[in-house]
Amino acid sequence: MPVTDNQCAASGKVEKSSACSSEQSAPEGHNSIVDAVRQGVHRRSFMKALGGVAGGVALANANRAHASGNSWAHVLDDIPEATLLDMYDKMLKIRWWEEGIKDVFLGGKDDMYGVIHLYIGEEAVACGAIGALNDDDFVTSHHRGHGHLIAKGGDLNKMSAEIFFRETGYNHGYGGSMHITDMSKGILGMNGIVGVSHLLAAGAAHGIKVRGTQQVSVSFGGDGSVNNGWFYAALRNSALYKLPFISIVENNGYQTSIPAIETNPVRDLSKIAHGLDIPGYTVDGQDTLAMYGVMKHAVDRARNGEGPTLIEAKTYRFYDHAGLSGAKSGVLGAFGLPYRSDKDLMAWIANDPLPKFRNTLVAIGALTQKQADEMEADVKKQVAESIEFARNSPKPQQDRGLSNVYAQGSVSPSQMYA
Ligand SMILES: Cc1ncc(C[n+]2csc(CCOP(=O)(O)OP(=O)(O)O)c2C)c(N)n1
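As the structure is a computational prediction, the values presented were derived from the model and not from experiment. (Residues numbered from 1 in each chain as written. Predicted model: local features only at pLDDT ≥ 70, side-chain atom pairs only at ≥ 80, totals over all residues.)

**Q** Go over the sheet that holds strand β1 (residues 138-140) with me, naming the residues and quoting the values.
**A** Strand order in the open sheet formed by 5 strands is β1-β2-β3-β7-β6, with parallel pairing between adjacent strands. This sheet does not close on itself; its edge strands, each paired only once, are β1 and β6 (280-284). The sheet shows a mean angle of 20° between the axes of neighbouring strands, taken without regard to direction. Pairing of strand β3 (residues 245-251) with strand β7 (residues 309-314), which is carried by 6 bridges, proceeds in the parallel orientation. Each bridged residue has a counterpart across the sheet, and for asparagine 251 the counterpart in β7 is lysine 314. (Pairing = 2+ DSSP bridges. Helix = DSSP H or I, 4+ residues; strand = E, 2+ residues; numbered from the N terminus. Axes fitted to C-alpha atoms, helices over the stretch in contact; angles between N-to-C directions.)

Below, the structure written as structure tokens:
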């Protein structure tokens, strides 16, 4: 299968086709950052350089019509160190929690059933974007949503228990992977209906405006999610009413097994924002800092009452659309799938956002290699404990089956039609 434009844009390591622009080569930017550190550049000026390079990559990828005068590079040297470390911790949690759940399914000993859509490969999108949010901001998610939940502070024990359909799970074992919700953390829910995440978040943004709070509401959806009316309704109404809404489209190149370039009339999905006169940016979704930078810019706009932003993140899922075809325990990525090439997969794995961000954190002195190893070991331990917690939890009580399905009490017609 030929390398597509969007694969070039985000991987930076695939063989260049004529459509690939050299300015989209993220690894070159990171090399110069590491070189700068080796030469003993002061942390502050180094962070500035980092901001310039990462922001430059983001801007290089941005939709130029909207990027002019809208640089977010300046925010990158002001990221608190705690935020950097938290974003990396969440990336590790997504990676190793999903790898853990993968192993449980492949192990075949736990009677697992139901569908899982793995997010592995896309961690920088969720963690970079959500890193720029406050705890009380809202997030809506889609079928491939474990990453958004973990990035927003989802509880690993409750998530594992839900995948095991146990009473202690987020939905008391009645929801499974695609319906995990945590209102206490602003996580308005995963959703199996492709596209509706955008409309739900826009609705929440309307609620924010009515209440007059300073929150923002963010939707995540795949490249397939832009192909329905809910996405347009969300963007259009948010633009009209200047709602604090940010729509993030995770363009991982495929809708199930169909290449996105065959189903979308535009390559850069951020261009959809043009017709509504709102900013649209296309960003390297494998670059945590670029995601944070563009998101911080969008969040500042939203909190200032300037309305919505559309962000397209070019990314890739390392596993199959759903389930574990082509996956093996201990091997990262699903190989041998009929609709994509192993060569492309290997190119994207070479641009894996986790080692990339770890190298940056080590290079700027936020972590030593030893601390990074310890962080990873601690996350793996937490994941293993969450799986044991799930295994040892009771199955759901049958009489809870209809809980939370119907509203309590009654609603008079006058309330509904007033
Ligand atoms: C409204 C609707 N139509 C079709 C489906 C079936 N479906 C489930 S996932 C999927 C592909 C989604 O692709 P994309 O939005 O790009 O997300 P990805 O799976 O690539 O992350 C489809 C068509 C659905 N769940 N909802």
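**Q** Lay out the packing of helix α5 (residues 81-107) against helix α14 (residues 353-363) in plain terms, naming residues and giving numbers.
**A** Two elements in contact, α5 and α14, have axes separated by 11 Å at closest approach and are oriented at 155°. By the angle class used here, α5 and α14 are roughly antiparallel. In the crossing of α5 with α14, the sense of the turn from one axis to the other is left-handed. Each of Leu84, Tyr88, Met91 and Arg95 in α5 lies in contact with α14, whose residues at this interface are Pro353, Leu354, Phe357, Arg358 and Leu361. Partitioned by chemical class, the residues of the contact of α5 with α14 number 7 nonpolar, no polar and 2 charged. (Parallel < 35°, antiparallel > 145°, perpendicular 65-115°, else oblique. Left-handed = near helix turned anticlockwise from the far one by under 90°. Contact = placed C-beta atoms within 7 Å. Nonpolar A, V, L, I, M, F, W, Y, C, P; charged D, E, K, R; others polar.)

**Q** Describe the site of the ligand, listing the residues and the values that go with them.
**A** The environment of the ligand is formed by 15 residues, the closest being Val194, Gly222, Asp223, Gly224 and Gln255. Per-class residue counts for the shell around the ligand are 3 nonpolar, 10 polar and 2 charged. (Near = placed C-beta within 6 Å.)

As far as function goes, none of this settles anything; it's purely spatial.
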